[in-house]
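Residue-level structural notes
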Amino acid sequence: MEEKITINKKQNDFLMNYYEYSDLIKGIDFLNTLDILPDDPKILFDRIDKEIPDDFNLAIEKLNEISVNNTEFFIQIMALVDVLNGVNISSKDDLTNKLKKQKEQELYLEIFNTLKNIKNKK
């Protein structure tokens, strides 16, 4: 895991004068969340597909079990949810209706890889 991006008090005070401050903090948090995820997101997606049942109630039970027995995996799942919730796809509803689960996964993998590439260029 890479070192977290942080700002010091002087930088914080300077940024407080700008309206974009909260967006910058959200951006820093977002980049730090990306660091939690593996470099190859397909491994995480495959593991989620394998270990998390499709049934909602069973999935909740399994996530509770994972949160206790495999904290690192659980944190990665939550980080992935956070990252994917931060991605804005204007036609997400249309895509969801048209694409099968595999196509959705490919789309998220593409978005994830794009975000990781942006993160690595900083």
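Read on for a plain summary of the structure.

Rules of the game
Residues numbered from 1 in each chain as written. Predicted model: local features only at pLDDT ≥ 70, side-chain atom pairs only at ≥ 80, totals over all residues. Heavy atoms only, no water. Helix = DSSP H or I, 4+ residues; strand = E, 2+ residues; numbered from the N terminus. Buried < 20%, exposed > 50% of the residue type's maximum accessible area, 1.4 Å probe, protein only. Contact = heavy atoms within 4.5 Å. Areas by Shrake-Rupley, 256 points an atom, 1.4 Å probe, with all protein chains shown as cover. Phe/Tyr/Trp six-rings, centres within 6.5 Å; stacked < 30°, edge-to-face > 60°. Lys NZ or Arg CZ within 6 Å of the ring centre and 35° of its normal.

Across its full length, the chain holds seven helices and zero strands. In the chain, the succession of α and β elements from N to C terminus is α-α-α-α-α-α-α. Counting the 122 residues in the chain, one finds 28% classified as buried. Considering only intrachain contacts with a sequence separation of at least 6, the fraction spanning at least 24 residues in the chain is 67%. About 9,100 Å² of surface is accessible on the chain, with carbon and sulfur atoms providing 53% of the total.

One pass over the full model with this rule turns up zero aromatic pairs. Positioned over the ring face of Phe73 is Arg47, at 3.7 Å from the centre of the ring.

Attention now goes to the environment of Asn32. Residue placement: Asn32 occurs in helix α2 (residues 21-36). Among the residues examined, Asn32 registers a relative accessible area of 12% and is labelled buried. When the C-alpha atoms of Asn32 and Thr6 are compared, they prove to be 9.3 Å apart, with 26 residues separating the residues in sequence.

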